[in-house]
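Letter by letter, the chains look like this.
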2 protein chains.
Amino acid sequence: MAGGTPIEITDPADPRIAEFTDIRERDLTGRHGQFIAEGTVVLSMLAKAQAAGGDVVAEKLLILKNRLAGLSELRERFPADIPVYIAEAPVLDAIAGFHLHRGVLALGRRLPPPDIAERIASLPNDALVLVGCGISNHDNIGSLFRNAAGFTADAVLLDETCCDPLYRKALRVSVGSVLTMPYGRQGSAEELLGALASAGFEIWALSPAGKVEIGAIAPGRRVALVMGTEGEGLPEAILNRFRSARIAQAPGLDSLNVGTASGIALYAIARAMGRLG
Amino acid sequence: MAGGTPIEITDPADPRIAEFTDIRERDLTGRHGQFIAEGTVVLSMLAKAQAAGGDVVAEKLLILKNRLAGLSELRERFPADIPVYIAEAPVLDAIAGFHLHRGVLALGRRLPPPDIAERIASLPNDALVLVGCGISNHDNIGSLFRNAAGFTADAVLLDETCCDPLYRKALRVSVGSVLTMPYGRQGSAEELLGALASAGFEIWALSPAGKVEIGAIAPGRRVALVMGTEGEGLPEAILNRFRSARIAQAPGLDSLNVGTASGIALYAIARAMGRLG
């Protein structure tokens, strides 16, 4: 079980738990691969990803004292040498900087990811990839990963203008899928899509002005589905260079939420590719 | 144009704008049909719904002083007798109780809605209705309305255990669709679905254990799609009594977000009903 005897923290400024301080604010800054995982579901995914030899490792746990007994099963899934810190609710809230009703946190670290060209080269012959361009909203990034995992995507590839999917909120909204789904975030959208096209991927850019109805696509064996931001959508250059698909909807309304749109499109394409059984 | 000369507020405790104070907290309490609309998109929908003789009226506007000039077009869409209050940023933030970066608020009121039986009786012969059961998360309620509007639903009907869609955050996530979409919130799920069945609706309950794949349904002319909560899903009694549909996905994962699931199901059904052109 992780950590043997838990260590109680009584001073919010204790250096042993310094990485957990003010996580709401510090969340928005770079962390050299470190990230905060929150809640039992995300921590389970972290333990699972680490046990599977994935790209992530847990470095320490911080748990609300009165939840400790109920979490022994979760703790058993982490390696034995990870320290486990516990704190009473007021101390925990003072550390985190807000009321932490979930009461369970982990500090994780992502190992240096492979270069995106390597990531693409390692994809199977039959592959479905979700690509995000310019998606800066943490909830939306989290939704992309949740839906990619739900609909059997092999990887999520993000251009450099997307936000980091390891932000606490993105991680939470993804229900931890960021930790188990192979992904990369590197380069411009054009570079990314060019590399995928060179690797034999059909590129389908989703847009309200797309040419083909998403439910009518007869996809090949390698498909990349491309999502842009809600406001501006994908750049013209991308829509002109690659195939484009739309999701029919009632006229005159704001377009769909990008997370929902990704779910609809992934379901349609994964089903047409015969990936959903 | 709404309000003639705007009235400047300099004291956050000014009784003329009392309804806007501490909206983050008070949001969670009943308001006798009153609600707070936030941001230009939701306010546009409010003006549109009121102009169309809908169920809602705007009672007053509160605008960040330096945004006033840029919002004259929006103001023109409201009736002339609505007072417009303005305030500098620190005053506005002190009124609302948090930093209000959108800088534009309206106090609206919903007129007493028709009884749900009356609502059902007024639906057209060809009708698609979205039903929510036990959905208490404000974001999810907002998503249901956004997707219902996006995919041509005629109404959203909620059981009494759902949260009020007029909560500020639900309204915002719905992109204002709560104000234009006919809806009701009344009675138990069983009563609601019984009334729809009596009115000739095919009831399709969405569940990970559903019997028919959502994309394979050949719907009739009147369809009610039923969504439950993410955690527990729909009660057995409902799944046993009515038809059930599933959305195929990768095994072993947490189910889809309820908003995303509603989008996928509504798109599939609205398309199969020939409603999406």
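Residues numbered from 1 in each chain as written. Chains lettered and ligands numbered in written order. Predicted model: local features only at pLDDT ≥ 70, side-chain atom pairs only at ≥ 80, totals over all residues. Heavy atoms only, no water.

Chain A goes by RNA methyltransferase in an unreviewed UniProt entry, where it is assigned to Rhizobium glycinendophyticum.

Asks: So what's going on with the pairing of strand 12 (residues 243–246) of chain B? Which residues, and what values?
Replies: Pairing of strand 9 (residues 202–206) of chain B with strand 12 of chain B, which is carried by three bridges, proceeds in the parallel orientation. When the sheet's bridge partners are listed, Leu206 of chain B is paired in strand 12 of chain B with Ala245 of chain B. (Pairing = 2+ DSSP bridges. Helix = DSSP H or I, 4+ residues; strand = E, 2+ residues; numbered from the N terminus.)

Asks: Break down the interface of chain B and chain A for me, citing the residues and quoting the values.
Replies: Interface size is often expressed as the accessible area that is lost when the parts come together. Chain B puts 29 residues into the contact, and the matching count from chain A is 29 residues. Taking both partners together, chain B and chain A bury about 2200 Å²; carbon and sulfur atoms supply 60% of that area. Considering only the surface of chain B that becomes buried against chain A, Arg146, Leu253 and Tyr267 of chain B emerge as the three largest contributors, covering 24% of it. On the surface where chain B and chain A come into contact, there are zero salt bridges. Looking at the side of chain B that touches chain A, the elements with two or more residues in it are helix 6 (138–150) and helix 11 (258–272) of chain B. Looking at which element gives the most residues to the side of chain B that touches chain A, the answer is helix 11 of chain B, with six residues. Classifying every residue of the side of chain B that touches chain A by side-chain character gives 14 nonpolar, 10 polar and five charged. (Contact = heavy atoms within 4.5 Å. Buried area = accessible area lost by both parts, 1.4 Å probe. Salt bridge = Lys/Arg side-chain N within 4 Å of Asp/Glu carboxyl O. Nonpolar A, V, L, I, M, F, W, Y, C, P; charged D, E, K, R; others polar.)

Asks: With reference to specific residues and values, describe the sheet that holds strand 8 (residues 183–185) of chain A.
Replies: Taken in spatial order, the seven strands of this open sheet run 8-7-6-11-9-12-10 (chain A), and their pairing is parallel. Unpaired on one side and paired on the other, strand 8 and strand 10 (212–213) of chain A mark the two borders of the sheet.

Asks: So what about the state of the cysteines? Which residues, and what values?
Replies: All names here are of chain B. Evaluation of the coordinates by the stated rule reveals zero disulfides over all chains. We note that Cys133 lacks a disulfide partner, and the nearest cysteine sulfur, in Cys162, lies 6.4 Å from it. The class of Cys133 is buried, set by a relative accessible area of 6%. We classify Cys162 as buried; its relative accessible area is 3%. (Disulfide = S-S within 2.5 Å. Buried < 20%, exposed > 50% of the residue type's maximum accessible area, 1.4 Å probe, protein only.)

Asks: Go over the relation of the copies chain B and chain A with me, naming the residues and quoting the values.
Replies: Laying chain B over chain A is done by rotating through 180 degrees and shifting 0.0 Å along the axis; what remains is an RMSD of 0.0 Å. When the rotation and shift are considered jointly, the pair of chain copies conforms to a two-fold rotation axis. Of the interface residues in chain B, 100% have counterparts in chain A that sit at the interface too, so the contact is made through matching surfaces. (Least-squares fit on C-alpha atoms with pLDDT ≥ 70 in both.)

Asks: Give me the environment of Asp14 of chain B: which residues, what numbers.
Replies: Residues and elements named next belong to chain B. Tracing the chain through its elements places Asp14 in the loop between strand 1 (7–8) and helix 1 (23–26). With 120 residues separating them along the chain, Asp14 and Gly134 place their C-alpha atoms 38 Å apart. Reaching out from Asp14, the side chain makes a polar contact with the side chain of Arg16 at a distance of 2.8 Å. (Polar contact = N/O pair within 3.5 Å; in protein donor to acceptor, adjacent residues only side chain to side chain.)

Asks: I'd like a rundown of the environment of Val104 of chain B, residues and numbers included.
Replies: Residue and element names in this part refer to chain B. By the element assignment, Val104 lies in strand 5 (residues 104–110). The spacing of Val104 and Leu64 is 40 residues in sequence and 6.2 Å in space, taken between C-alpha atoms. When sequence neighbours within four positions are dropped, the list of residues in contact with Val104 reads Ala37, Glu38, Gly39, Thr40, Leu43, Leu62, Ile63, Arg67 and Leu71.

Asks: How would you explain the packing of aromatic side chains if you had to name every residue and give the values?
Replies: Counted by the stated rule, this structure contains four aromatic pairs over all chains. Above the ring of Tyr183 of chain A, the side-chain terminus of Arg110 of chain A is found at 3.7 Å from the ring centroid. (Phe/Tyr/Trp six-rings, centres within 6.5 Å; stacked < 30°, edge-to-face > 60°. Lys NZ or Arg CZ within 6 Å of the ring centre and 35° of its normal.)

Asks: Please set out the domain arrangement of chain A residue by residue, giving values where relevant.
Replies: All names here are of chain A. Annotation of chain A at the domain level lists domain 1 (7–110) and domain 2 (116–272). Facing 19 residues of domain 1, the contacting portion of domain 2 comprises 14 residues. With both chains or domains summed, domain 1 and domain 2 bury close to 1500 Å², and 62% of this area falls on carbon and sulfur atoms. Viewed at the interface, domain 2 and domain 1 are joined by three salt bridges. Salt-bridge contacts for Arg119 lead to Asp55; the nearest nitrogen and oxygen are separated by 3.3 Å. On inspection of domain 1 and its partner domain 2, the count reaches four residue pairs in polar contact (both at pLDDT 80 or more). (Domains from an automatic or database assignment.)

Asks: Just give me the short version of unusual backbone geometry, but keep the residues and values in it.
Replies: Backbone geometry at Val175 of chain A places phi at a positive 55 degrees, although glycine is not the residue there. For Val175 of chain A, the position within the fold is in the loop between helix 7 (168–173) and helix 8 (177–180). Even without glycine at this site, Asp22 of chain B takes up a positive phi of about 50 degrees. The residue Asp22 of chain B is located in the loop between strand 1 and helix 1 in this model. When its relative accessible area of 40% is taken as the criterion, Asp22 of chain B is described as partly exposed.

Asks: A description of the side chain of Ser174 of chain B should follow, citing residues and the corresponding values.
Replies: All names here are of chain B. Summarising the element assignment, Ser174 is placed in the loop between helix 7 (168–173) and helix 8 (177–180). The class for Ser174 is buried, based on a relative accessible area of 0%. Within the structure, Ser174 has its side chain in polar contact with the backbone oxygen of Leu171 (distance 2.8 Å). One polar contact links the side chain of Ser174 to the main-chain amide nitrogen of Val178, over a distance of 3.3 Å.

Asks: Summarise the confidence of the model for chain A; cite the residues concerned and give the values.
Replies: When pLDDT is averaged across chain A, the result is 92; 96% of the residues are at 70 or more. Here the predicted complex carries an ipTM of 0.91, next to a pTM of 0.93. (pLDDT = per-residue confidence, 0-100.)

Asks: Describe the packing of helix 6 of chain B against helix 11 of chain B, naming the residues involved and giving the relevant values.
Replies: Relative placement of two packed helices is described by the angle separating their axes and the distance separating the axes. Residues and elements named next belong to chain B. For the pair helix 6 and helix 11, the least separation of the axes is 8 Å and the interaxial angle reads 15 degrees. The angle between the axes of helix 6 and helix 11 places the two elements in the roughly parallel class. Two packed elements cross with a definite hand, and for helix 6 against helix 11 that hand is right-handed. Taking contact as the criterion, the partners of Asn140, Ser143, Leu144, Asn147 and Ala148 in helix 6 are, on helix 11, Val258, Gly259, Ser262, Gly263 and Leu266. Of the residues in the contact of helix 6 with helix 11, the class split is four nonpolar, six polar and no charged. (Axes fitted to C-alpha atoms, helices over the stretch in contact; angles between N-to-C directions. Parallel < 35°, antiparallel > 145°, perpendicular 65-115°, else oblique. Left-handed = near helix turned anticlockwise from the far one by under 90°.)

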